[in-house]
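Structural overview for review
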Amino acid sequence: KQVGRVRLTGTKYACGRGGCGACTVMVSKRDPTSQEIRHFSVTTCLVPICSLYGAAVTTVEGVGSMKTRLHPVQERIAKSHGTQCGFCTPGMVMSMYTLLRNHPQPSEEQLLEALGGNLCRCTGYRPILASGKTFCLVSRGLRGHPQSKNDGDRRSKLFVKEEFQPLDPTQELIFPPELLRMTENPEKRTLTFHGERVTWISPGTFKDLLELKAKHPEAPLILGNTSLGPAMRSKGCLHPILLSPARISELNVVSKTNDGLTIGAGCSLAQVKDILAERVSELPEEKTQTYRALLKHLKSLASQQIRNMASLGGHIISRHSYSDLNPILAVGNATLNLTSEGTRRIPLSEHFLAGLASADLKPEEILESVYIPHSQKWEFVSAFRQAQCQQNALPDVNAGMRVLFKEGTDIIEDLSITYGGVGAATVSAHKSCQQLLGRQWDELMLDEACRRLLDEVSLPGWAPGGRVEFKRTLVVSFFFKFYLQVLQELKKLIKPFPVPVSALAFMGSWQHKLPPSSVDSHQPLQDPVGRPVMHLSGLKHATGEAEFCDDIPMVDKELCMALVTSTRAYAKIISIDLSEALEIPGVVDVITAKDIPGTNGTEDDKLLAVDEVLCVGQIIFAVVAETDVQAKRAIEKIKITYEELEPIIFTIKDAIKHNSFLCPEKKLEQGNIEEAFEKVDQIVEGEVHVGGQEHFYMETQRVLVIPKTEDKELDIYVSTQDPAHVQKTVSSTLNIPINRITCHVKRVGGGFGGKIGRPAVFGAIAAVGALKTGHPIRLVLDREDDMLITGGRHPLFGKYKVGFMNNGRIKALDIECFINGGCTLDDSELVTEFLILKLENAYKIRNLRFRGRACLTNLPSNTAFRGFGFPQGTLVTESCITAVAAKCGLPPEKVREKNMYRTVDKTIYKQAFNPESLIRCWNECLDASSFHNRRKQVEEFNKKNYWKKRGIAVIPMKFSVGFAATSYHQAAALVHIYTDGSVLVTHGGNELGQGIHTKMLQVASRELKIPMSHLHICETSTAMVPNTIATAASVGADINGKAVQNACQILLKRLEPIIKKNPEGTWEEWIEAAFEQRISLSATGYFRGYKAFMDWEKGEGDPFPYYVYGAACSEVEIDCLTGAHKKIRTDIVMDACCSLNPAIDIGQIEGAFIQGMGLYTTEELKYSPEGVLYSRGPDEYKIPTISDVPEEFNVSLLPSSQTPLTIYSSKGLGESGMFLGSSVFFAITDAVAAARKERDIAEDFTVKSPATPEWVRMACADRFTEMVYICPLPLEPPSHPTPWAIFK
Ligand SMILES: Cc1cc2nc3c(=O)[nH]c(=O)nc-3n(C[C@H](O)[C@H](O)[C@H](O)COP(=O)(O)OP(=O)(O)OC[C@H]3O[C@@H](n4cnc5c(N)ncnc54)[C@H](O)[C@@H]3O)c2cc1C
Ligand code: FES
Ligand code: FES
């Protein structure tokens, strides 16, 4: 926010918790001891400005710009197509830039580590890594493997590496000389900075620090602020005095002795990692057991940025129950060196970790350093952790384990085990360890140890956050892993045998196969259609110059708005007390439903609640203040009393029980299902649960409303996929005609369906504020509010009954789906319709019945999300296939093939359908992935490995594109040619990152036969192109492209006589002549699109203009003991017809695939029993990170038959890739099935998405899960119902 004030808007704000990396900048400091300058990346949202005293900060603007010179990092990320919406790009650039400042030729491992803390919701990361890899020391080509056949052909490459400017480290910014002088002559005085509510004191000497701590014992020491900061921000902790020891070199001292290592408490975790790595390289292996265990966790603890900021002392003293280092330090017998008036040493013991006063620091004491002893021969230390995903995720459970044997034997002399994540603090299994002393390291000991551990580390069934069985299973599974590891080591020591060469660290390998026909050799060079043209804003994204809604400079008299939301799921509002809030300085007004001059939404879906609330997070009113901080402070002071109403319904099952639905059932049926069930060999029935999904666009919802002085006009700058809807809603809310309101959308930082309906609500509320106060209003949701207020993808519960022959042929399929719509209708009826229409996927089953209903519950209303029901519903269909295959003893791909459409036929809604391209995609995918060979290899692997299993799955896809309503198949464009020959194109689509503007200019360039450099798009504006439809349903480029084409053709027709007269003339000459001859140089293009219809009574129609086909094959490996998985390889074949821009289309496929993979594997919404969303940020809600990208990821575009309905026979690929992410899900379930088969447990199981580590671990049932079920849990107190997730 500070950099925002100095108009350095490149640094973005997307979570405020250090969890997304959008705000990354580089900090440079000179080390007072070594005099070296250290460059490190930090997340600015957690950096207090006072901590930067003496430091140089480089933001993305300092790295390079379009106006001066682009830095190679910026150039390469853009030209490698590593930016889509561009909101994450400055953060990515800064992480990569900092890496290059320290390592101009980094290793691939360093690159992955540097980018591990930067989230991107659009690209799927592959192109970002590809750009980074161009700097790496050993670059293995774009694929990582031997050069592809296409590599020599420039036309078929997405970018040409050889054209990039080289990195020249001598050209980098120097450390400011005035700061150098400061470190040469360091300030010893205590510096004090006074804020409004907080005083920051930074002493210059250790003595002063101790005195200040004695004077202010309650004041915390502030180091990295990664623990204090989030607590102050979201938990409302206020510390009036903060003591900063940043200038105290005594806290950074490192000393090596013969028996151990002492590390200063002020050292950052990144420094600790380097120190430990150095020590490990210097000492014999037996002495570095603890150090290596710490190093293992330091690689996965948080992100590079957080490790750069967080200090060892802060980490230890914070004593988070999830702490990754404290369990290892505790078992490694670390001690804490404390200083106040004197010094003393205390062990980092179980009692210290539990916060017992007798074992803790005194208020005036400071942790000066930490002593970590060497390990010894016959001693083994290991660390374990399991999180929702591998990188940048807090652990569910972690552990440190140490055992010491009597020399030369396997008799336990000493044992210590400590767990994190299983209680309020790190806990030690001290009793169990004591009881195992003197025992041999064998199976008997293992069994007893597990029982004792389960008994001692007892998580109650009502433990906060739930997952109790999973966590208890991990408690014993980790110990079993430790047992096996130590056994290996003992074997080496007692009876030597060769050490297996550990597998080399492996990173990314990719291939793209473009259709050979994407650009034909006769196409003029100037014609950009079909070429991998870079995103128009790519370079601006990379330099931070691309302006998003909240980057618009503050306007005169602007005020900020914050929203007050319900804390109850279903209740009557009894009273509201605003008095204290209105007294807060800077607070201007409170906007309630009474202030709305027009309509307050609809009867069932109000903009601002009146009398009653229907879910937690429903907006009740809004506070307007001079600053956002004041507005938020006021919110804390508002008192609302409620009276709970009943029944409160959260889950689908409860909704069914209470007959609580939003709309009537949607049904499609064909054949005679009852009769067919009677004639089949077998029938299987099952259930499928698919959890919801948060859009997690990187740019949260935001709007700026500027009232004009005349005629009630309003200018609205808004991040939306549907500005016309915002305009209409504001008009009805304010009761002013639509023509007074202009909505502007320059670019949107990701939408995915989440910015179709909701922006209108925020726009309308802000507009009411603007009207009432007469001031411009800026409303920017922070991540927590965005996640709390806006709904996402509908969770789904599906029941199926499938009848089939023993050869796998399905004869009858009956599926009933329920989706959780939340508290208002929104798009739920449409989603239900789409779900039912698309449920058959690629299969022709003669007797079918599909039914669907949307449930009315007390949750925020769920809404559109990429794929619109297809990704959830089709998981049910594919699960049926897997279940049939299991019953028939056939591989699932055989059953898929057997039931797939084979010839020209009709779909369930009786639309004609030719499956030729579908079959081609399927066959190509089998071929490209060497599926059958790899299936055999997977089986071989599984035979040899009991605790690890591999799975492989190939999934076909038939995805219908477009809206099922005719009025949505239209678009308009406006093209102006100016007298200098430059052309301004405007159309009805919004730039969400999907590259629509780039594609539109490609179209205009081809039609007008002029280079793209003559063309420009400024923004989408309701004043330029009216009555637009939402940019959604994958058809944005299809329909707007046709409109742009139409406008250009009209213009060209007008120019024809002039061109004919002077065929050798230039464009500029023709335009000049046209102007002279009074020929209009402006034209509106219009496209009257597809006539979609669907008759639900008859169950027939032509709802969709065309289909996108695809197939994906994924292979994974699961760890049966922890539930973790790694993605070995994915091959995707998509039928893109004639791609307008293969780089953009591949980006869409990859981005959607990775988003789909998140839906099916890691993204889990967690709610409290009272319906409060727990997962309100990147720390709780895990979208895929860079390390989740499959190790090998190949995408091929299949050239296909022409599609006359779309522009140049291209296809809309925005959504379809999402479902292909399910190939990872089915590969996981394939691996789980293999584990279950080997363990002799039923192969079929209830399918649950996401397939989280918890689900995988518990599905791979074994002796350890059995122990957990046998060992009794404390009884559940009635006041604490079991925590749960919404899909149940
Ligand atoms: C996005 C994110 C992801 C994270 N992921 C993980 C993870 O995966 N695993 C994990 O274990 N942790 C994780 N953490 C937690 C992180 O490790 C801790 O927040 C961090 O180590 C705290 O260090 P700090 O220097 O920032 O502490 P600060 O916030 O500066 O201070 C924390 C506390 O320590 C006290 N303190 C600090 N130094 C001293 C001293 N020398 N003497 C006495 N008291 C002192 C302060 O008074 C204060 O109360 C994550 C944090 C974030 C923000
Ligand atoms: S905004 Fe700082 S890390 Fe997300
Ligand atoms: S491009 Fe990365 S979040 Fe959009």
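Per an unreviewed UniProt entry, the chain is named aldehyde oxidase, and its organism is Bos indicus x Bos taurus. Taken from UniProt, the Subunit (unreviewed entry) comment for the chain reads in full: "Homodimer." The Subcellular location (unreviewed entry) comment attached to the chain in UniProt states, word for word, "Cytoplasm".

Points about the nonpolar core
The biggest cluster of nonpolar side chains holds 250 residues, and the ones touching the most others in it are Y419, W441 and F479. Residue contributions to this core peak at twelve residues, all from helix α18 (residues 468-494). Setting aside anything within four residues of it in sequence, one finds W441 in contact with V403, F405, D410, I412, L415, F479, F482, Y483, V486, L487 and L490. Counting 47 residues, the second-largest nonpolar core is a separate cluster that includes A265, A334, V370 and A383.

Concerning the site of ligand 1
As a structural note, the neighbourhood of ligand 1 is formed by 32 residues, with L223, T226, L228, S311 and D324 the closest of them. In the environment of ligand 1, an oxygen atom lies 2.8 Å from a nitrogen or oxygen atom belonging to the backbone of L223. H315 is positioned such that a nitrogen or oxygen atom in its side chain is 2.9 Å from an oxygen atom of ligand 1. Burial of ligand 1 by the surrounding chains reaches 93%, relative to a free accessible area of 980 Å². Take the shell around ligand 1: its biggest share by element is five residues, from helix α13 (residues 312-318). Looking at the shell around ligand 1 residue by residue, the classes come out as 18 nonpolar, eleven polar and three charged.

Brief notes about the side chain of K1127
Note that K1127 resides in strand β43 (residues 1125-1135). A distance of 3.1 Å separates the side chain of K1127 from the side chain of H1125, its partner in a polar contact. Dropping the residues within four chain positions of it, K1127 is found in contact with E1115, V1116, M1157, D1188, P1190, E1191 and V1224.

A few points about the pairing of strand β36 (residues 983-987)
The buried fraction of β36 amounts to five of the five residues, a majority that puts the element mostly inside the structure. Pairing geometry for strand β35 (residues 970-977) and β36, over five bridges, is antiparallel. Counterpart to A973 in the pairing with β36 is H987. Between β35 and β36, which pair antiparallel one after the other, the connecting turn spans five residues, and G981 there sits at a positive phi close to 95 degrees. At this point the chain moves from β36, through helix α32 (residues 996-1008), to the parallel strand β37 (residues 1015-1016), and the crossover so formed is right-handed.

Topic: the UniProt feature "binding site: [2Fe-2S] cluster 2" (unreviewed entry) in the chain
When the UniProt feature table is mapped to this numbering, "binding site: [2Fe-2S] cluster 2" (unreviewed entry) covers C85, C88, C120 and C122. What stands out for the annotated residues spanning 38 residues is how close their C-alpha atoms remain, the widest pair being 9.4 Å apart. Relative to the helices and strands, C85 resides in the loop between α3 (72-79) and α4 (89-102). On the basis of relative accessibility, which here comes to 5%, the residue C85 falls in the buried class. In this structure, C85 is in contact with C122, H541, F548, V748, G749, G750, L992 and G993, ignoring residues within four places of it in sequence. One can find C120 in the loop between α5 (108-115) and α6 (126-133). With residues near it in sequence (within four places) discarded, C120 still touches C88, M92, Y125, I128 and I1183.

Rules used in this analysis
Residues numbered from 1 in each chain as written. Chains lettered and ligands numbered in written order. Predicted model: local features only at pLDDT ≥ 70, side-chain atom pairs only at ≥ 80, totals over all residues. Heavy atoms only, no water. UniProt positions renumbered as here; feature names shortened; annotations may be inferred. Core = buried A, V, L, I, M, F, W, Y, C linked by side-chain atoms within 4.5 Å. Buried < 20%, exposed > 50% of the residue type's maximum accessible area, 1.4 Å probe, protein only. Helix = DSSP H or I, 4+ residues; strand = E, 2+ residues; numbered from the N terminus. Contact = heavy atoms within 4.5 Å. Near = heavy atom within 4 Å. Polar contact = N/O pair within 3.5 Å; in protein donor to acceptor, adjacent residues only side chain to side chain. Areas by Shrake-Rupley, 256 points an atom, 1.4 Å probe, with all protein chains shown as cover. Nonpolar A, V, L, I, M, F, W, Y, C, P; charged D, E, K, R; others polar. Pairing = 2+ DSSP bridges. Right-handed = clockwise from strand over helix to strand, strands pointing away.

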